[in-house]
Amino acid sequence: QSENIIGYYVTVERIPNSCRNSPNRVFLEDRKVLLNLSLAYYRVNISASNKAGESPQATYIVPDFSAKDLPGQIRVKRQGTNAVVTWTPEYNPKCFVVDWGTGKEDMRMKIVTAATGNFTLENFQPYKLYKIMVHASDVCQCENFTRHEKTFGVTHFYSVEGVPRTGPTNVTILNIRKHSALVKWTKIAAEDCLGFLQGYRISYTDSSRKKTPAVTLNSSTTSYHLTGLKEKTIYHVQISGFTSAGEGPLTLSQPFSTLKYGTVEALCICVTQHQ
């Protein structure tokens, strides 16, 4: 039925939308629209229209954007089960909009109209990662936030950190040699960290149960080259992650055996006879 389409209805709804007003709705003849949005979450609904009526809506959730080049910094300080958010604005807008929550479906919104650089957020749960965003707007009417809101800063916060509840996954041993091997793994999922992951610790023992001092790596590392190993020896490798609260459980022991001989380079010698 595309040849009979008159145009498209597009609604842009902020998430969350505590204003409880109807989302912005526009009619377009083209199949594209340019949206100038803040870093808050948004839901875009699109439906087609012809002489018979309007189609069901297609829904699109605007994904997370990078928050590297924002003008301001947000600081968060724990206060019991609450958090005090402070910021230093570059200018004094008519209001700030503060969003906080654990994800798109769990966000709360508060409009701060007072000329202040701080706000108290309540009822934070331990071991959960919260996203906190501060937006500035010179128009403090709900229906205008979608068009006039600009993100000032974004940060993440744990009211109480715990240790990771699991270790990394998919631990594999590759490129095994006479005195070395490469260990690779998949990072611990964010929901299993229960705090800001600071790094990993790798420990390994040989067949005589002699334990080598653990190697500490940063949280962005997902591989490590073991060196100084003994030839023709069985080793067992285990990895754990740690936060500021401590170290999580070790992965299951991953065994491997070093080679008896090193790699051999093939050498070809050509001999010719002259008669």
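So, how was this worked out
Residues numbered from 1 in each chain as written. Predicted model: local features only at pLDDT ≥ 70, side-chain atom pairs only at ≥ 80, totals over all residues. Heavy atoms only, no water. UniProt positions renumbered as here; feature names shortened; annotations may be inferred. Buried < 20%, exposed > 50% of the residue type's maximum accessible area, 1.4 Å probe, protein only. Helix = DSSP H or I, 4+ residues; strand = E, 2+ residues; numbered from the N terminus. Pairing = 2+ DSSP bridges. Salt bridge = Lys/Arg side-chain N within 4 Å of Asp/Glu carboxyl O. Core = buried A, V, L, I, M, F, W, Y, C linked by side-chain atoms within 4.5 Å. Contact = heavy atoms within 4.5 Å. Axes fitted to C-alpha atoms, helices over the stretch in contact; angles between N-to-C directions.

An unreviewed UniProt entry lists the protein chain under the name SDK2 protein, from Psophia crepitans. Listed under Sequence similarities (unreviewed entry) in UniProt, the entry text for the protein chain is "Belongs to the type I cytokine receptor family. Type 2 subfamily." In UniProt, the protein chain has this text filed under Subcellular location (unreviewed entry): "Cell membrane".

1. Digging into the pairing of strand β16 (residues 215–218)
Side chains Val215 and Leu217 of β16 all project onto a buried face; the interleaved residues Thr216 and Asn218 project onto a face where none is buried. Two elements, strand β15 (residues 199–206) and β16, share four bridges in a ladder whose sense is antiparallel. Of the residues in β16, the one forming a bridge with Arg201 is Thr216.

2. Here we look at the pattern of salt bridges
By the definition in use, this model includes eight salt bridges. Among the ionic pairs, Glu149 bridges to Arg14, the shortest N-O distance being 3.1 Å. With a gap of 135 residues between them, Glu149 in the loop between α1 (145–148) and β12 (150–157) and Arg14 in strand β1 (residues 7–15) connect regions that are remote in the sequence. The buried category is assigned to Arg14, whose relative accessible area is 4%. Here Asp192 makes a salt bridge to Arg165, at a shortest N to O gap of 2.9 Å.

3. Some remarks on the nonpolar core
Val183, Trp185, Val237, Ile239 and Phe256 are the most contacted members of the largest nonpolar core, which totals 19 residues. Sorting the residues of this core by element identifies β13 (169–174), β14 (181–186), β15, β16 and β18 (234–243) as the ones contributing at least two each. Look past the residues within four positions of Val183 in its chain and what remains in contact with it is Val171, Thr172, Ile173, Thr222, Ser223, Tyr224, Leu226, Val237 and Ile239. Membership of the second largest hydrophobic core comes to 17 residues, among which are Phe96, Trp100, Leu121 and Tyr130.

4. Observations regarding the sheet that holds strand β7 (residues 82–87)
Sheets are built from strands paired through backbone hydrogen bonds, the pairs being either parallel or antiparallel. Within the open sheet, the three strands sit side by side as β6-β7-β10. Their pairing is antiparallel. Sheet topology places β6 (74–79) and β10 (118–121) at the edges, where each strand pairs with a single neighbour. If you compare each strand with its neighbour and ignore which way they point, the axes differ by 20° on average. Two elements, β6 and β7, share six bridges in a ladder whose sense is antiparallel. Considered in β7, the bridge of Val76 is made with Val85.

5. Comments concerning the environment of Leu28
If you trace the backbone, Leu28 turns up in strand β2 (residues 24–28). Placed 20 residues apart in sequence, Leu28 and Tyr8 show a C-alpha to C-alpha distance of 5.1 Å. When neighbours within four sequence positions are excluded, Leu28 is seen to be in contact with Gly7, Tyr8, Val10 and Val33.

6. Some words on the sheet that holds β13
Spatially, three strands are ordered β13-β14-β17 in an open sheet, and the strand pairing comes out antiparallel. A single partner strand is all that each edge strand has here, and the edge strands are β13 and β17 (223–226). Between one strand axis and the next, the sheet turns through 15° on average, direction left out of account.

7. Here we look at the environment of Val33
Here Val33 lies in the loop between β2 and β3 (41–50). Here the alpha-carbon distance between Val33 and Val10, two residues 23 residues apart in the chain, equals 8.7 Å.

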